[in-house]
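In case you want the letters, here they are:
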Amino acid sequence: MSAVDKKLQELGITLPTPAAPVANYVPFVRTGNLIIISGQLCLDLDGKLADAHKGKLGAEISPEVGQEAARLCAINLLAQLKAAVGDLDRVTRCIRLGGFINAVPTFAALAPVMNGASDLMVEVLGDAGRHARSTIGVAELPLDACVEVEGMFEVK
């Protein structure tokens, strides 16, 4: 068992089957030592979007639930990453995460919501999980998901 798989097990995390694209794009692209992963929604282990993760931050979704949703997005990123490289021990760095928060126009607490994804990367990858990041509020996301996260990783 790889060190990253062991860490996931210690955290009680099971990686889901990577979600298939829902439009005309691929789930990830590898160029050299970089893997860019398309935005991942906050799908549960069963590949479904829970009703609790549908809607807008600042309306029906609380910041705490948004943070949980961002964590799920990060778990789905790791599932795609594992599909791309086979062994997560080949990951040398999480370079960047981009977070999209489905929020009402007056909701300004975007950064703490995105910490759900950022914190997970550090929990799982240690210092290699520290990354640059952008977080933006958006008017809508696919399937009315409350959070979507994309990522860029360096691998060996």
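These numbers come from a predicted model, not from an experiment.

What follows is about the overall build of the protein chain. A count of helical and extended segments in the protein chain gives 3 helices and 5 strands. Ordered by position from the N terminus, the helices and strands of the protein chain form the series α-β-β-α-β-α-β-β. For 156 residues, the compact-globule formula gives about 15 Å, and the C-alpha radius of gyration of the protein chain, at 15 Å, lands near that figure. Here the C-alpha coordinates of the protein chain stretch approximately 40 × 30 × 30 Å along the principal axes. Burial status across the protein chain gives 40% buried among its 156 residues. Here the analysis covers contacts within the protein chain between residues at least 6 apart in sequence; of these, 81% occur between residues at least 24 apart. Between the averaged position of the 14 positive side-chain charges in the protein chain and that of its 18 negative side-chain charges there is a distance of 7 Å.

So, about a nonpolar patch on the surface. Taken together, Val-26, Val-29 and Ile-36 make up a surface patch of nonpolar side chains, about 220 Å² in accessible area. Tracing the sequence through the fold places Val-26 in the loop between helix H1 (3–10) and strand S1 (28–31). Exposure remark for Val-26: the relative accessible area of 47% places this residue in the partly exposed category.

All told, the structure shown has 7 salt bridges when counted by the stated rule. Between Asp-5 and Lys-82 there is a salt bridge, with the nearest N and O atoms lying 3.1 Å from each other. Of this pair, Asp-5 sits in helix H1 while Lys-82 sits in helix H2 (residues 63–85), placing them 77 residues apart in sequence. The salt bridge partner of Asp-127 is Arg-130, with a shortest N-O separation of 3.3 Å.

Turning our eyes to something else, we now look at the layout of surface pockets. Estimated volume of the largest pocket: approximately 250 Å³. Around the largest pocket, the lining is made up of 17 residues, and of these Ala-20, Val-22, Tyr-25, Gly-39 and Leu-41 lie nearest the centre. Per-element tally for the lining of the largest pocket: the top contributor is strand S2 (residues 34–41), with 4 residues.

Conventions we followed
- Per chain, residue numbering runs from 1 following the sequence as it is written.
- Per-residue local features are limited, in this predicted model, to residues with pLDDT of at least 70; the limit for side-chain atom pairs, both in listing and counting, is 80 or more; totals at the level of whole chains, interfaces and linings are taken over all residues.
- With hydrogens and water stripped out, all remaining heavy atoms of the structure feed into the side-chain values.
- Each helix corresponds to a stretch of at least 4 residues labelled H or I by DSSP, and each strand to a stretch of at least 2 residues labelled E; elements are numbered beginning at the N terminus.
- Just to be clear, the radius of gyration here is over C-alpha atoms, and the globule rule we use is 2.2 Å times residues to the power 0.38.
- Think of it in three bands: with a 1.4 Å probe and only protein chains considered, a residue is buried below 20% of the maximum accessible area for its type, exposed above 50%, and partly exposed in between.
- Residues are treated as being in contact if the distance between any of their heavy atoms lies within 4.5 Å.
- All tallies of charge rest on Lys and Arg as positive and Asp and Glu as negative; His and the ends of each chain are not included.
- To locate a charge, take atom NZ for lysine, CZ for arginine, CG for aspartate or CD for glutamate.
- Patch building starts from residues that exceed 30% relative accessible area and form no salt bridge, then joins like charges within 9 Å and nonpolar side chains (Val, Leu, Ile, Met, Phe, Trp, Tyr) within 5 Å.
- Using the Shrake-Rupley algorithm and a 1.4 Å probe, accessible areas are obtained, with residue cover drawn only from the displayed protein chains.
- The rule for a salt bridge is simple: a side-chain nitrogen of Lys or Arg has to be within 4 Å of a carboxyl oxygen of Asp or Glu.
- Cavity means a closed set of points on a 1 Å grid over the protein atoms alone, one where a 1.4 Å probe fits but cannot get out, pocket means an open set with protein on both sides within 12 Å along at least 5 of 7 lines, and lining means a residue has an atom within 4 Å of a point.
- Grid points are joined across faces, edges and corners, and a volume is the space filled by probe spheres set on the points.

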